[in-house]
Protein chains: 2
Amino acid sequence: MNKNYYVGIMAGGVGTRFWPSSTKEKPKQFLDILGIGKSLLRMTYERFARIIPPENILVITNKAYASIVKEQVPEVLDKNILCEPTRNNTGPCVAYTALRLHQENPESVFVIAPSDHVILKEELFLAHISKALDLADQNNCIFTLGINPSRPDTGYGYIKVNDEIIIGQEQKVEKFIEKPDLDNALKYLYSGKYLWNGGIFIWKSSQLIKDFHEYSPNIIQTLEQDISKYNTPEEQSYIDKVYPSTENISIDYAILERAPHVYTIPVDIGWSDLGTWNSLHDYLEKDENNTVTIGKNTFLIDTENSIVRSDSKKIVVVKGLKNYIVVDEKDALLIYPKDQEQEIKKLVEGKMGN
Amino acid sequence: MNKNYYVGIMAGGVGTRFWPSSTKEKPKQFLDILGIGKSLLRMTYERFARIIPPENILVITNKAYASIVKEQVPEVLDKNILCEPTRNNTGPCVAYTALRLHQENPESVFVIAPSDHVILKEELFLAHISKALDLADQNNCIFTLGINPSRPDTGYGYIKVNDEIIIGQEQKVEKFIEKPDLDNALKYLYSGKYLWNGGIFIWKSSQLIKDFHEYSPNIIQTLEQDISKYNTPEEQSYIDKVYPSTENISIDYAILERAPHVYTIPVDIGWSDLGTWNSLHDYLEKDENNTVTIGKNTFLIDTENSIVRSDSKKIVVVKGLKNYIVVDEKDALLIYPKDQEQEIKKLVEGKMGN
């Protein structure tokens, strides 16, 4: 393992699309959403731990989640759990990580990755990441994994490349594109020049800091007012003071859409951001009636094309549901038509003031 | 209040028809099945407490439930919680109550009543009970309330009387009839000579003991081997020794079907034994979509002719169910077609080994 290689796992997000399983108190990345006894954060950690030295693994999270992070990935050094005092989107989060790593090791090269995605083809993924780390180490460029699209998804951002896509071959990015409508998504799928933006980026800390100075100077200037504070006992109080005044902006806007030296590596790694119950249904193994069961004591009768999730100890008996989402959590129970899932978020935010 | 008048509330039954709400650990009578903050036992107690002196209220239960009884009706004197060491049906249970009361007060007259029924018209009910107590006090007869039937129910036993039914007017019972098939239930309903057997009986302890000697001598002989033990600290150990060898038989078989001096008072008191989720649906107030909700944080959308029950603190969101039973308990969740309720019992006993 190369001791200059690091990963920053972002685990500060909130999100209620997986309500009632995900809540502000325990968002998606901390849930055992697949019912395999591990949270998505834990799975992400274990994946990277195969190629990154343990002391080089960082988790960037919100202060509110620091204790859940420690509990779920106790192997991560306390000093490597970076706590954002406020939610300022991914731009400041990545800049903080870069400064922190660069102060510790000016040769550092790092991956930044979400903690709430799943990847089926782990070996392939790690091979691509290793290659991207080497490329970033040897070039003053930014690299990203571009997910080879399998359907005209309107829930993802896209990356447009100049040439035909060749899996594994890094290519110059022409532009980043926000979530498209279905017409455009179909065009993208059939053009062969678009990839999904999976939010996984690889770069040298030195180059990224330079890029911040060029394309988002406000953020980096705010955070490097006193770089001597990084990697000292005063880091947290320093961050608590300066971080809240950074610009609230995503890393995509802050750097990737502005910098010219961005390359993508097209990959086919069984990736999903598991953004919805339906995507979870797509992703997981189904029974002969096309139903996904998460939970060990579930008895289904005449139930088709549904997803039934519960605590593994709870007995669940369901008869006769077709195309339903059934999710039972300690504080809430959801029984909802699967094809109307998009209503749930609004319902939760409106009716329940969540 | 007449100090010779007593009530014995039977609260020893088990039953899983209300699964998953009722379990062996906490059967129906101990549940707040109506969602009003009181168990059925508590409601039964409070009903009788309006006409029976508090020290004259007894609860007969299984040893396993003694602590739940104490918790739910703390007003009942410890010595008035009679604990059956074994489940020998209602025959021995009533005989024990009679001997115990007779030893304490040879003039005692008592009602025996189940603890898991509901009665809407409480004033009327209490008027009938008071009348029946007076009648039993003045006559060496057995009295029962006969519920005026409102539908051809095949889940109840029936009482046939000799004459046309006159509400409130006691009538000689011709015979007791087990649960009929639908054809017979329809005949009974239209003949005007049949009433539902609600399992509520009124008698003098002295007369009932005499009747036991005549019609079920084995039970009474077993229990009166040493009547000096009743109302002493040794009562429980005595009962523990003799009770298990009594005949396992219902009071209906043991006495009522055999004795000639049985009278019924036809009543119309809004009675239900709440034997099934459907009967609970019939009984409770429904919304404009004919749905019953038990639980305070339930949000229903396009849900019709259903019953949705949950812990009052849990948020429940249901969309699009028609004719369903949804019951959420701590350890189990049931989502089942309402018209197939009769399958649940078998399912629970078979699949879950309950």
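Scroll up a little and you will see the structure.
Bear in mind the structure is a predicted one, so any value in this text is a computation, not a measurement.

Thresholds, definitions, all that
Residues numbered from 1 in each chain as written. Chains lettered and ligands numbered in written order. Predicted model: local features only at pLDDT ≥ 70, side-chain atom pairs only at ≥ 80, totals over all residues. Heavy atoms only, no water. Pairing = 2+ DSSP bridges. Helix = DSSP H or I, 4+ residues; strand = E, 2+ residues; numbered from the N terminus. Axes fitted to C-alpha atoms, helices over the stretch in contact; angles between N-to-C directions. Parallel < 35°, antiparallel > 145°, perpendicular 65-115°, else oblique. Left-handed = near helix turned anticlockwise from the far one by under 90°. Contact = heavy atoms within 4.5 Å. Nonpolar A, V, L, I, M, F, W, Y, C, P; charged D, E, K, R; others polar. Least-squares fit on C-alpha atoms with pLDDT ≥ 70 in both. Phe/Tyr/Trp six-rings, centres within 6.5 Å; stacked < 30°, edge-to-face > 60°. Buried < 20%, exposed > 50% of the residue type's maximum accessible area, 1.4 Å probe, protein only. Lys NZ or Arg CZ within 6 Å of the ring centre and 35° of its normal.

1. Some points on the sheet that holds strand E17 (residues 332-337) of chain B
Pairing between sheet strands relies on hydrogen bonds along the backbone, with the strands arranged either parallel or antiparallel.
Link 1 in the chain: Ordered in space as E13(A)-E15(A)-E17(B)-E16(B)-E14(B)-E12(B), the six strands form an open sheet in which the pairing is mixed. Of all strands in the sheet, those bounded by a partner on one side alone are strand E13 (298-301) of chain A together with strand E12 (292-294) of chain B. Across the sheet, the mean angle separating the axes of adjacent strands is 5 degrees when strand polarity is ignored.
Link 2 in the chain: Across four bridges, strand E15 (residues 315-319) of chain A lies against E17(B) in parallel orientation. Considered in E17(B), the bridge of Ile315(A) is made with Ala332(B).

2. A closer look at the sheet that holds strand E17 (residues 332-337) of chain A
Link 1 in the chain: The strand order across the open sheet formed by six strands is E12(A)-E14(A)-E16(A)-E17(A)-E15(B)-E13(B), and the pairing between neighbours is mixed. Strands with a single pairing partner mark the edges of an open sheet, and in this sheet they are strand E12 (292-294) of chain A together with strand E13 (298-301) of chain B. Taking the axes of each pair of neighbouring strands and ignoring which way they run, one obtains an average angle of 5 degrees across the sheet.

3. Quick notes on the packing of helix H3 (residues 90-104) of chain B against helix H6 (residues 205-215) of chain B
Packed helices, taken two at a time, are described by their axes: the angle between them and the distance between them.
All names here are of chain B.
Link 1 in the chain: Packing of H3 against H6 leaves a shortest axis separation of 9 Å and a crossing angle of 135 degrees. Relative to H6, the element H3 lies oblique. Considering the relative orientation of H3 and H6, their crossing is left-handed. Residues Gly91, Val94, Ala95, Ala98, Leu99 and His102 of H3 touch H6, and the partners they reach there are Ser205, Ser206, Leu208, Ile209 and Phe212.
Link 2 in the chain: Of the residues belonging to the contact of H3 with H6, the class tally is seven nonpolar, four polar and no charged.

4. A short note on the relation of the copies chain A and chain B
Link 1 in the chain: Under the fitted operation, chain A is carried onto chain B by 0.1 Å of movement along the axis and a turn of 180 degrees, and the coordinates agree to an RMSD of 0.1 Å. Here the copies are linked by what is in effect a two-fold axis. Minimal C-alpha distance to the rotation axis in chain A is attained by Lys330(A), lying at 4.0 Å.
Link 2 in the chain: Mapped onto chain B, 100% of the interface residues of chain A are again interface residues, and the two copies thus contact each other with one and the same surface.

5. Considerations on the packing of aromatic side chains
Link 1 in the chain: Enumeration over the complete set of coordinates arrives at 28 aromatic pairs over all chains.
Link 2 in the chain: Each ring, one from Tyr230(B) and one from Tyr238(B), has its centre 5.7 Å from the other, and the planes form 90 degrees; the classification is edge-to-face. As far as the burial class goes, Tyr230(B) and Tyr238(B) line up, both buried.
Link 3 in the chain: Grouping aromatic residues by their ring pairs yields a cluster made of Tyr96(A), Tyr230(A), Tyr238(A) and Tyr243(A).
Link 4 in the chain: Stacked on the ring of Phe125(A), the Lys or Arg Arg47(A) has its end atom at 5.9 Å from the ring centre.
Link 5 in the chain: The ring of Tyr263(B) has Lys172(B) lying over it, and the distance from NZ or CZ to the ring centre is 5.6 Å.

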